[in-house]
Amino acid sequence: MCGIFGYVGNNNAVPILKKGLKKLNYRGYDSWGFGLKIRDKIKIIKDVGDFERLEETPEIDSNLGISHTRWATMGEISKNNAHPHTNEDNGICVVHNGIIENFRELKEELLNKSHKFKSETDTEIICHLIEEYSEYEFPEAVRRAFLKLKGRNAVVALHKDFNGLVGVKNGSPLVVGIKNNSGKEEYFIASDHRAFIEETNKVIFLNDNELAVLEQNE
Ligand code: GLU
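Residues numbered from 1 in each chain as written. Predicted model: local features only at pLDDT ≥ 70, side-chain atom pairs only at ≥ 80, totals over all residues. Heavy atoms only, no water.

Draft legend 1. How the structure looks around the pattern of salt bridges. Applying the stated criterion across every chain yields a total of 11 salt bridges. Of the charged contacts in the structure, one is a salt bridge between Glu186 and Lys179, with a shortest N-O distance of 3.9 Å. Among the charged side chains, a network of salt bridges with common partners joins Arg27, Asp192 and Arg194. (Salt bridge = Lys/Arg side-chain N within 4 Å of Asp/Glu carboxyl O.)

Spelled out as structure tokens, the structure:
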């Protein structure tokens, strides 16, 4: 179980996510990655190994993104299995801590519905489950998908057409941080408040089965 860190605000997300991930370094990891919303597209940057190449991450103009350090539990250590994961059209992007205990049966169901997978992870199925609920608004689709998962999990999800992040947890930690800067708010979400504690003036520890929706200024 490794690290999640997400940001929603008015500043460039890349340096903020880099700094946050480095603070989660102490938990150990085998790979890392970013998912950044740029207008109506999601850009994924990920790699195996330590943070050396993290510094090479370009300063993409995005103020909404998620990042992850992975400790492989389902699927080998590889760039392909590193988080974030996306669905087929790359419109839904997910980072996850934990193990989905009913992953094999859920994957089987999704394969029968013609979903195509790009990794060996349990995490990737969350993107496809959310897609299954695409008739609902994004937070509701994430909620419905999360209810299908068994085990101790924390998930943060991003959608190319939704200007925010949705986080939900059960048995694995997830914490929201709020920074109020003369009326303008920035939001952080992480598996450990140490990732953002210096930046924020308010911290909310999510309870199990609580879902957080962090939108620009809301
Ligand atoms: N089970 C997921 C994987 O193996 C999440 C691992 C983690 O918590 O870092 O990719």
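Draft legend 2. Region of interest: the site of the ligand. Looking at the ligand, there are 15 residues lining it, with Arg70, Thr73, His83, Gly98 and Asp122 nearest. The contact in question runs from an oxygen atom of the ligand to an N or O atom on the backbone of Cys2, over 3.3 Å. Taking Met74, its main chain carries an N or O atom lying 3.0 Å from an oxygen atom of the ligand. Relative to its unbound accessible area of 300 Å², the ligand is 100% covered by the protein chains. A majority-of-atoms criterion places the ligand in the largest cavity. Listed by contribution, the elements that provide at least two residues to the shell around the ligand are β4 (64-70) and β6 (92-98). Here the residues of the shell around the ligand sort into 5 nonpolar, 8 polar and 2 charged. (Near = heavy atom within 4 Å. Polar contact = N/O pair within 3.5 Å; in protein donor to acceptor, adjacent residues only side chain to side chain. Areas by Shrake-Rupley, 256 points an atom, 1.4 Å probe, with all protein chains shown as cover. 1 Å grid on protein atoms, 1.4 Å probe; cavity = no way out; pocket = protein on both sides within 12 Å on 5 of 7 lines; lining within 4 Å. Sits in = over half its atoms within 2 Å of the grid points. Helix = DSSP H or I, 4+ residues; strand = E, 2+ residues; numbered from the N terminus. Nonpolar A, V, L, I, M, F, W, Y, C, P; charged D, E, K, R; others polar.)

Draft legend 3. The arrangement of the environment of Tyr29 in detail. Relative to the helices and strands, Tyr29 is located in the loop between α1 (13-23) and β2 (31-38). Using a relative accessible area of 17% as the deciding quantity, one classes Tyr29 as buried. In this structure, the C-alpha to C-alpha distance between Tyr29 and Cys2, residues 27 residues apart in sequence, is 6.6 Å. Apart from the residues lying within four places of it in its own chain, the contact partners of Tyr29 are Cys2, Gly49, Asp50, Phe51, Thr69, Arg70 and Trp71. (Buried < 20%, exposed > 50% of the residue type's maximum accessible area, 1.4 Å probe, protein only. Contact = heavy atoms within 4.5 Å.)

Draft legend 4. Spatial organisation of the pairing of strand β9 (residues 175-181). Across 7 bridges, β9 lies against strand β10 (residues 184-190) in antiparallel orientation. Bridging across to β10, Lys179 finds its partner in Glu186. What sits between β9 and β10 in their antiparallel hairpin is a turn of 2 residues, with Ser182 showing a positive phi close to 40 degrees. (Pairing = 2+ DSSP bridges.)

Draft legend 5. Layout of the sheet that holds strand β11 (residues 202-205). Strand order in the open sheet formed by 7 strands is β3-β2-β4-β1-β10-β9-β11, with antiparallel pairing between adjacent strands. Whereas interior strands pair on both sides, the edge strands pair on one side only; in this sheet they are β3 (41-48) and β11. On average, each strand axis in the sheet is tilted by 15 degrees relative to the strand beside it, whichever way the strands run. Set on the sheet, α1 makes contact with β1 (3-8), β2, β4 and β10; between it and β2 the angle comes to about 155 degrees. (Axes fitted to C-alpha atoms, helices over the stretch in contact; angles between N-to-C directions.)

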